[in-house]
Amino acid sequence: MKTPLVAGAVGCVVALLVAGCGTEARSPSPVKRPAMSFGGPHTYRAGRNPTSIAVGDLNGDLRADLAVAHGRGTVSVFLNRGHGRHPVKRDYPSTAGPASVAIGDLNGDRRPDLAVANSSASTVSVFLNEGRARFAPRRDYTTGAGPVGVVIGDLNGDGKADLATASASRPTVSLLLGSGDGRFGPHADYATRSELYAVAGGDLNGDGTVDFVALDSSGVSVLLGSRDGLQKARSYSAYGGSVAIGDLNGDRKPDLVTDGVVVLLNRGDGTFGRGRSYDIGYAMGLAIGDLNRDRRPDVVLGEPVAPNQTDCETGDGISVYVLANKGHGKLGSPRPFSTGDDGCAPTPAVGDFNGDGLPDLVTANTFSGTVSVLVNGFGRCAVPDLEDGAVWSLPRATGILRRAGCDVGSISHAHSDWMPRGAVVSTRPHWGAVLPRNGKVDLTLSKGSG
């Protein structure tokens, strides 16, 4: 903010306190914040066609673990063994077509349980945590036809965890009220305007109950929770395949964002104004979190692909895109970060996996059957990928390194049959390493073919 011009001696004293005395008083230039950067990825074999990923401390060791649902009827639990590494995997059989997994305490024992929406079976499976992230055999509950998502929360204000699912086969939301001991009653269905793609839950009107947001081909439907169940849906124009809830403009009111990308700001009572749209392509997969410590939730997307692109084997989905929150609900341009694996629009999630206080990224990579963890390198040097086959000259590589918080170290030369003279052949350390701020990255430049 500029300091206004102030005339006279008193004005000069005031100006001195801010910017010195002269013909014009100016505020100091804002401090430039480091750019967001991510190291890794650390990749783990998950199983066939992972479709959904959830983050939570499943064994009580204060580390973020993972639950991954697979299209082949399995839920995998990855336990965090420290430093953000998840080498321990346990598999639990679900049922046909698990499409979404959620983590929450379903029976009041302070242990996070699992709920899985099974699209082919039209059920939700409940896995109760018996301690140390070992789960009892599932219990299945009938839902509306073809559920694509599940939300855990107290939807009727009785202090007990409930479940809600959204149907892809029929335009309905199904509510299953919890008894408090991990069991659930028969589903009650609530109509929406068309078949649903995704769901999210949160307290949108400040009444202490969880409200329900469902995304369909026409936009989002908001169903507010009440003691009598869910209220009639109220719909808003938007587009995309996923929806998330977070305070995007800093007014302490939860807003909505889709992976279209469309931002809908909350008026405070669970109603929303006209959406702000960002045309970045077609994405499937969305997460939000404050990735750069500015107290604003940023937006993470699976890599956008062309609307007519359906072939997963062409390299689509190898990146996640991060849109920094610029304040007032406005988002910056998307920046890609590679997951290291192919997949159809990788499904992202956010969590602090290495305990440094910064949210990291994790993706479920459908085609390769893996999950990838990208370590948050904000304020440090996350070595960027300069070995991806592109031709990077020394000046361009230097600029890329500096934007990633790195400095150029030693420079050596070697003959190369595939890189022109002066182009970067390799870096040391290699892409994905996270170093202290202004860490040195050694470059090898091509001398041309020998």
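In what follows, the accompanying structure is described.

What counts, and at which threshold
- Residues numbered from 1 in each chain as written.
- Predicted model: local features only at pLDDT ≥ 70, side-chain atom pairs only at ≥ 80, totals over all residues.
- Heavy atoms only, no water.
- Helix = DSSP H or I, 4+ residues; strand = E, 2+ residues; numbered from the N terminus.
- Contact = heavy atoms within 4.5 Å.
- Areas by Shrake-Rupley, 256 points an atom, 1.4 Å probe, with all protein chains shown as cover.
- Pairing = 2+ DSSP bridges.
- Axes fitted to C-alpha atoms, helices over the stretch in contact; angles between N-to-C directions.
- Disulfide = S-S within 2.5 Å.
- Buried < 20%, exposed > 50% of the residue type's maximum accessible area, 1.4 Å probe, protein only.
- Phe/Tyr/Trp six-rings, centres within 6.5 Å; stacked < 30°, edge-to-face > 60°.
- Salt bridge = Lys/Arg side-chain N within 4 Å of Asp/Glu carboxyl O.

1. So, the overall build of the protein
Within the protein, the secondary structure is distributed over 2 helices and 37 strands. If you take every contact in the protein between residues at least 6 apart in sequence, the share linking residues at least 24 apart comes to 49%. Total accessible area on the protein is roughly 20,400 Å²; 50% of this is exposed by carbon and sulfur atoms.

2. Let's talk about the sheet that holds strand β29 (residues 335-338)
In sheet architecture, strand pairing relies on hydrogen bonds along the backbone and comes in two forms, parallel and antiparallel. Read across the open sheet, the 4 strands follow the order β24-β25-β26-β29; overall the sheet is antiparallel. Both edges of this open sheet fall to β24 (286-289) and β29, since each of them pairs with a single strand only. Sheet twist, expressed as the average angle between the axes of neighbouring strands with direction ignored, equals 25°. As paired strands, strand β25 (residues 298-302) and strand β26 (residues 319-323) are joined by 4 bridges and run antiparallel to one another. Looking across to β26, one finds that Val299 is bridged to Leu323.

3. Observations concerning the state of the cysteines
Taken as a whole, this structure holds 1 disulfide when the rule is applied. There is a disulfide in this structure between Cys381 and Cys406, and the S-S distance comes to 2.0 Å. Disulfide Cys381 to Cys406: torsion about the S-S bond roughly 100°, handedness right-handed. A residue pair is termed long-range when its members are at least 10 positions apart, and Cys381 in strand β33 (residues 381-382) and Cys406 in strand β34 (residues 406-414) qualify at 25 residues. Judged by its relative accessible area of 0%, Cys381 falls in the buried class.

4. Some remarks on the pairing of strand β2 (residues 50-56)
The buried fraction of β2 amounts to 5 of the 7 residues, a majority that puts the element mostly inside the structure. With 6 bridges joining them, β2 and strand β3 (residues 65-70) adopt antiparallel strand pairing. Note that in β3 the partner of Gly56 across the bridge is Asp65.

5. Examining the packing of aromatic side chains
Throughout the structure, instances matching the rule amount to 6 aromatic pairs. Here the aromatic rings of Phe38 and Phe337 are separated by 5.0 Å at their centres, their planes lie at 75°, and the arrangement is edge-to-face. A residue pair is termed long-range when its members are at least 10 positions apart, and Phe38 in strand β1 (residues 38-45) and Phe337 in strand β29 qualify at 299 residues. We classify Phe38 as buried; its relative accessible area is 5%. Residue Phe337 is classed as buried on the basis of its relative accessible area of 10%. Through a chain of ring-to-ring contacts, the aromatic side chains of Tyr92, Phe127 and Phe135 assemble into a single cluster.

6. A look at the sheet that holds strand β12 (residues 172-176)
As summarised here, the arrangement of the 4 strands in space is β10-β11-β12-β13, forming an open sheet in which the pairing is antiparallel. Only two strands of the sheet have a single neighbouring strand rather than two, namely β10 (147-153) and β13 (188-191). On average, each strand axis in the sheet is tilted by 25° relative to the strand beside it, whichever way the strands run. In this structure, β12 lies alongside β13, joined through 4 bridges in antiparallel fashion. Directly across from Leu175, in β13, lies its bridge partner Ala188.

7. Describing unusual backbone geometry
Of note, the bond from Gly260 into Val261 is cis; its omega dihedral lies within 30 degrees of zero at 10°. Note that Val261 resides in the loop between β21 (255-258) and β22 (262-264). In the Ramachandran plot, Leu62 falls in the positive-phi region, its phi being about 65° despite a non-glycine side chain. Mapping Leu62 onto the fold places it in the loop between β2 and β3. By relative accessible area, which is 80% here, Leu62 ends up exposed. A positive phi angle, close to 60°, is found at His328, a residue other than glycine. By the secondary structure assignment, His328 is in the loop between β27 (325-327) and β28 (330-331). Residue classification places His328 among the exposed residues on the basis of a relative accessible area of 64%.

8. Let's talk about the pattern of salt bridges
Per the stated rule, a full pass over the model turns up 7 salt bridges. Across the salt bridge formed by Arg111 and Asp109, the nearest N and O atoms sit 3.9 Å from each other. Using a relative accessible area of 28% as the deciding quantity, one classes Asp109 as partly exposed. A salt bridge links Arg193 to Asp216, with the shortest nitrogen-to-oxygen separation between them at 3.4 Å. Residue Arg193 is found in the loop between β13 and β14 (196-202), and its partner Asp216 is found in strand β15 (residues 211-216); the two are separated by 23 residues along the sequence.

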